[in-house]
Amino acid sequence: MRNAPKKRHAARKTRAAALTVSVLATGGLAGAMATSNAASDLTSEVATVTTTPPSTPIPSADGSAATPAPLQPEATSNATYADGTFVGRAASTRWGDVQVSVTTSNDQIVAVDLLSIPSADRKSVRINTAAGPVLVSESLTAQSANVDIVSGATYTSKAYRDSLQAALDDASVALSAQLAAT
């Protein structure tokens, strides 16, 4: 009797190809973001207009002349996030914790790092190795924690969003504290 050739799982090549595409897309997006951040740095500067009060004294009600006080610019900002790296809280899933850190610069999310992700068993490693880069890529594209759930990694995706939102909330609080200090 002849030995039959060993059958391979039909989806094996498809999964490997999808992982390769995901890794390449993440690298391409990171390069594109770095390029677009450099260009946006040049165009995002806002001109400040200074108004000078009139130099002629303004007569007051009692007849004496008073020079108006110079106008003070208001400390306002359209920014959302302070510059820096902020660590989100660990979000628990039934297979382990998910925790991320986010780096912001010029009110942009420039990097998201997975600090912990479920990896207690081979299935978790397989799922999260594929889902992690997709989640990071989507959050860099969306510039928020509002990312789609990755099919097959629902718990990880939800925990990722929770941890990322906590880190972005910390970045917003830090910006508020900076503005209040000025």
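Placed above this text is the structure.
Structural notes, computed from the coordinates. Residue positions are given per chain, counted from 1 along the sequence in the order it is written. Reporting of local features is limited, given that this is a predicted model, to residues whose pLDDT is at least 70; pairs of side-chain atoms are given and counted only at 80 or more, and all residues count toward the totals for whole chains, interfaces and linings. Excluding hydrogens and water, the side-chain figures rest on all heavy atoms present in the structure.

### With respect to the overall build of the chain
Helix numbering and strand numbering both begin at the N terminus, where a helix is a DSSP run of H or I of at least 4 residues and a strand a DSSP run of E of at least 2. Counting secondary structure elements, the chain contains three helices and six strands. Listing each helix as α and each strand as β along the chain from the N terminus yields α-β-β-β-β-β-β-α-α. We call a residue buried when its accessible area falls under 20% of the maximum for its residue type, exposed when it is over 50%, and partly exposed in between, using a 1.4 Å probe and counting protein chains only. Evaluated residue by residue, the chain yields a buried proportion of 24% over its 182 residues. By definition, residues are in contact when any of their heavy atoms lie within 4.5 Å. The contacts in the chain between residues at least 6 apart in sequence include a share of 50% that link residues at least 24 apart. Looking at the chain as shown, the accessible area adds up to about 12400 Å², and 57% of this sits on carbon and sulfur atoms. All accessible-area figures derive from a Shrake-Rupley calculation using a 1.4 Å probe, and residue coverage is judged against the displayed protein chains alone.

### As for the pairing of strand β5 (residues 96-105)
When DSSP locates at least two bridges between a pair of strands, those strands are taken to pair. Of the pairings in the sheet, the one linking strand β3 (residues 84-87) to β5 comprises four bridges and is antiparallel in character. If you follow Val 87 over to β5, its bridge partner there is Ser 101. In this sheet, β5 lies alongside strand β4 (residues 91-93) in antiparallel orientation, the contact comprising three bridges. Bridge pairing in β5 links Thr 93 to Gly 96.

### Quick look at unusual backbone geometry
Phi at Asn 106 takes a positive value of approximately 55°, unusual for a residue other than glycine. Among the residues examined, Asn 106 registers a relative accessible area of 44% and is labelled partly exposed. Although it is not a glycine, Gln 143 adopts a positive phi angle of roughly 55°. Tracing the backbone through its elements, the reader meets Gln 143 in the loop between α2 (122-142) and α3 (154-181).

### A closer look at the packing of α2 against α3
If you want to describe how two helices pack, look at the angle between their axes and the distance between the axes. Following both chains from N to C, one finds α2 and α3 inclined at 40°, their axes separated by 11 Å at the closest point. If you check the angle between α2 and α3, you find them oblique. For the pair α2 and α3, the sense of crossing is right-handed. Contact residues: Asn 128, Leu 135, Val 136 and Ser 139 in α2; Thr 156, Ser 157, Tyr 160 and Leu 164 in α3. Side-chain classes follow a simple rule in which Ala, Val, Leu, Ile, Met, Phe, Trp, Tyr, Cys and Pro form the nonpolar group, Asp, Glu, Lys and Arg form the charged group, and the remainder, Gly included, forms the polar group. Taken together, the residues that form the contact of α2 with α3 break down as four nonpolar, four polar and no charged. Axis definition: a line fitted to C-alpha atoms, over the contacting stretch in the case of helices. Angles run 0 to 180 degrees between N-to-C directions. Oblique is the label for any angle not under 35 degrees, not over 145, and not in the 65 to 115 range, which are roughly parallel, roughly antiparallel and roughly perpendicular in turn. Each crossing gets its handedness from the near helix: less than a right angle anticlockwise from the far helix is left-handed, clockwise is right-handed.

### Concerning the environment of Arg 94
Note on placement: Arg 94 falls in the loop between β4 and β5. Residue classification places Arg 94 among the exposed residues on the basis of a relative accessible area of 64%. Separated by 61 residues in the primary sequence, Arg 94 and Tyr 155 place their C-alpha atoms 8.0 Å from one another. Think of a polar contact as two N or O atoms within 3.5 Å of one another; within protein, one of them needs to be a possible hydrogen donor and the other a possible acceptor, and neighboring residues in sequence only count if both atoms come from side chains. Of note is the side chain of Arg 94, whose polar atom sits 3.5 Å from the side chain of Tyr 155.

### Thoughts on the nonpolar core
Generally speaking, soluble globular proteins have nonpolar side chains that are buried together. Here, nonpolar core means buried Ala, Val, Leu, Ile, Met, Phe, Trp, Tyr and Cys residues that are tied together by side-chain atoms lying within 4.5 Å of each other. In terms of nonpolar packing, the biggest core is built from 24 residues, with Phe 86, Val 102, Ile 109, Val 112, Tyr 160, Leu 164 and Leu 168 touching the most fellow members. Going through the elements one at a time, β5, β6 (108-116), α2 and α3 are the ones with two or more residues in this core. No other element matches α3, which puts seven residues into this core. Those residues in contact with Tyr 160 that lie beyond four places of it in its chain are Val 98, Val 100, Val 112, Leu 114, Leu 135, Val 136, Ser 139 and Val 147.

### Let's talk about the environment of Ala 167
Secondary-structure assignment places Ala 167 in helix α3. Separated by 81 residues in the primary sequence, Ala 167 and Phe 86 place their C-alpha atoms 5.3 Å from one another. Excluding residues that lie within four positions of it along the chain, Ala 167 makes contacts with Phe 86, Val 87, Gly 88 and Val 102.

### Some remarks on the side chain of Ser 163
The topology assignment puts Ser 163 in helix α3. For Ser 163, a relative accessible area of 0% puts it in the buried group. Ignoring anything within four residues of it in the chain, the contact list for Ser 163 reads Gly 88, Arg 89, Ala 91, Val 98, Gln 99 and Val 100.

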